[in-house]
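# Notes for the structure review
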Amino acid sequence: MRVKQTPNIWAIGDCADIPDPSGNPYPPLAQHAIREGRTLAENITSAIRNRPLNPFVYQTKGSLAALGHYRGVGRVYGIRVKGFLAWWIWRSYYLMRMPRWERRIRIMLDWTIALFVKNDIVQLDLDRIGQEHVEQAAKEIPHAHVDRRFGITDDAGPVRVPGNEVGSR
Ligand SMILES: Cc1cc2nc3c(=O)[nH]c(=O)nc-3n(C[C@H](O)[C@H](O)[C@H](O)COP(=O)(O)OP(=O)(O)OC[C@H]3O[C@@H](n4cnc5c(N)ncnc54)[C@H](O)[C@@H]3O)c2cc1C
């Protein structure tokens, strides 16, 4: 974590190449970055007080991935998990990483409600609104009609009107 040639510079997390006891770099994961931060803080304090520094040593606890539809895969403390259990562990872990119980309870309630109600999705039907606008504009232009490729078109080709950006003349 202390840059070898530049002892006043320290690095942790994704931007650092921190070797494990066997010399291989630790993976760029949050579970490492958080713990590296603690060790780094202690080491900076030790450096200021001329005390020996501690190497960063940490055994990866596992990794989990959510696959959607309440399913996941992963390995926790060397044990392979999959399906609903993996998804549940994944979600519970991230819930517990949230600061303050007040926020955790809010999220828990939100997730519980989401199990019983449909997704809260708003979709604006912009294509339909745009098409209605183009058709209305075409009616107001003599000899014009709506072409699927060029929008409003008359005998001389596409007509330039607001909302008919595909055509120009
Ligand atoms: C899609 C994705 C999924 C991941 N999933 C997981 C996971 O499930 N489990 C896990 O353990 N890890 C996961 N990771 C990895 C994890 O996010 C990183 O390992 C972790 O965030 C590294 O922490 P960090 O503090 O080094 O960097 P970051 O979290 O990236 O923090 C760096 C911060 O520095 C700020 N910054 C950058 N440049 C400047 C500047 N010039 N001045 C000021 N601020 C600056 C950035 O805005 C950022 O906030 C995932 C990463 C990605 C991209």
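Since the model is a prediction, treat every value here as computed from it, not as a measurement.

## Notes on the sheet that holds strand β6 (residues 157-158)
Spatial strand order, β4-β5-β6: 3 strands in an open sheet with antiparallel pairing. Edge positions in the open sheet fall to β4 (145-147) and β6, since each of these has one partner strand only. Two elements, strand β5 (residues 151-154) and β6, share 2 bridges in a ladder whose sense is antiparallel. Among the inter-strand pairings, Thr153 is bridged to a residue of β6, identified as Pro158.

## Digging into the sheet that holds strand β1 (residues 62-68)
Pairing is antiparallel across the open sheet formed by 3 strands, whose spatial order is β1-β2-β3. The strands lining the two open edges of the sheet, one partner per strand, are β1 and β3 (79-82). Recorded for the sheet is a direction-independent mean angle of 5° between the axes of neighbouring strands. Direction of pairing for β1 relative to strand β2 (residues 71-76): antiparallel, over a ladder of 6 bridges. Residue Ala65 lies in a different strand from β2, and its bridge partner there is Val73. Together, β1, β2 and β3 form the strand contacts of helix α2 (residues 83-97), whose direction differs from that of β2 by roughly 75°.

## Considering the domain arrangement of the chain
Looking at the assigned domains, one finds that the chain contains domain 1 (1-60), domain 2 (62-121) and domain 3 (122-169). Measuring from the centre of the C-alpha atoms in domain 1 to the corresponding centre in domain 2 gives 30 Å.

## A short note on helix α4 (residues 126-139)
Since the α-helix advances by 3.6 residues per turn, residues separated by three or four positions end up pointing in the same direction. For α4, spanning 14 residues, the distance from its first C-alpha to its last is 20 Å, which sits close to the expected 20 Å at 1.5 Å a residue. Every buried residue of α4 is listed here: Val134, Ala137 and Ala138. Looking down the long axis of α4, one finds its buried residues gathered within 100° of arc, a one-sided arrangement.

## Some remarks on the site of the ligand
Close to the ligand lie Gly13, Asp14, Pro28, Leu29, Ala30, Gln31, Ala33 and Tyr94. Within the backbone of Leu29, one N or O atom sits 3.4 Å away from an oxygen atom of the ligand. In the model, an oxygen atom of the ligand is placed 3.4 Å from a nitrogen or oxygen of the Gln31 main chain. Take the shell around the ligand: its biggest share by element is 3 residues, from helix α1 (residues 30-48).

## Overview of empty space enclosed by the protein
According to the stated counting rule, one finds 1 cavity of 30 Å³ or more in the structure shown. Of the pockets and cavities examined, the largest cavity occupies roughly 50 Å³. Around the largest cavity, the lining residues are Gly13, Asp14, Ala16, Ile18, Tyr26, Pro27, Pro28, Leu29, His32, Ala33 and Glu36. Here the residues of the lining of the largest cavity are counted per class, giving 7 nonpolar, 2 polar and 2 charged.

Cut-offs used in this document
Residues numbered from 1 in each chain as written. Predicted model: local features only at pLDDT ≥ 70, side-chain atom pairs only at ≥ 80, totals over all residues. Heavy atoms only, no water. Pairing = 2+ DSSP bridges. Helix = DSSP H or I, 4+ residues; strand = E, 2+ residues; numbered from the N terminus. Axes fitted to C-alpha atoms, helices over the stretch in contact; angles between N-to-C directions. Contact = heavy atoms within 4.5 Å. Domains from an automatic or database assignment. Expected span 1.5 Å × (residues − 1). Buried < 20%, exposed > 50% of the residue type's maximum accessible area, 1.4 Å probe, protein only. Arc of directions from axis to C-beta. Near = heavy atom within 4 Å. Polar contact = N/O pair within 3.5 Å; in protein donor to acceptor, adjacent residues only side chain to side chain. 1 Å grid on protein atoms, 1.4 Å probe; cavity = no way out; pocket = protein on both sides within 12 Å on 5 of 7 lines; lining within 4 Å. Points joined across faces, edges and corners; volume = space filled by probe spheres on them. Nonpolar A, V, L, I, M, F, W, Y, C, P; charged D, E, K, R; others polar.

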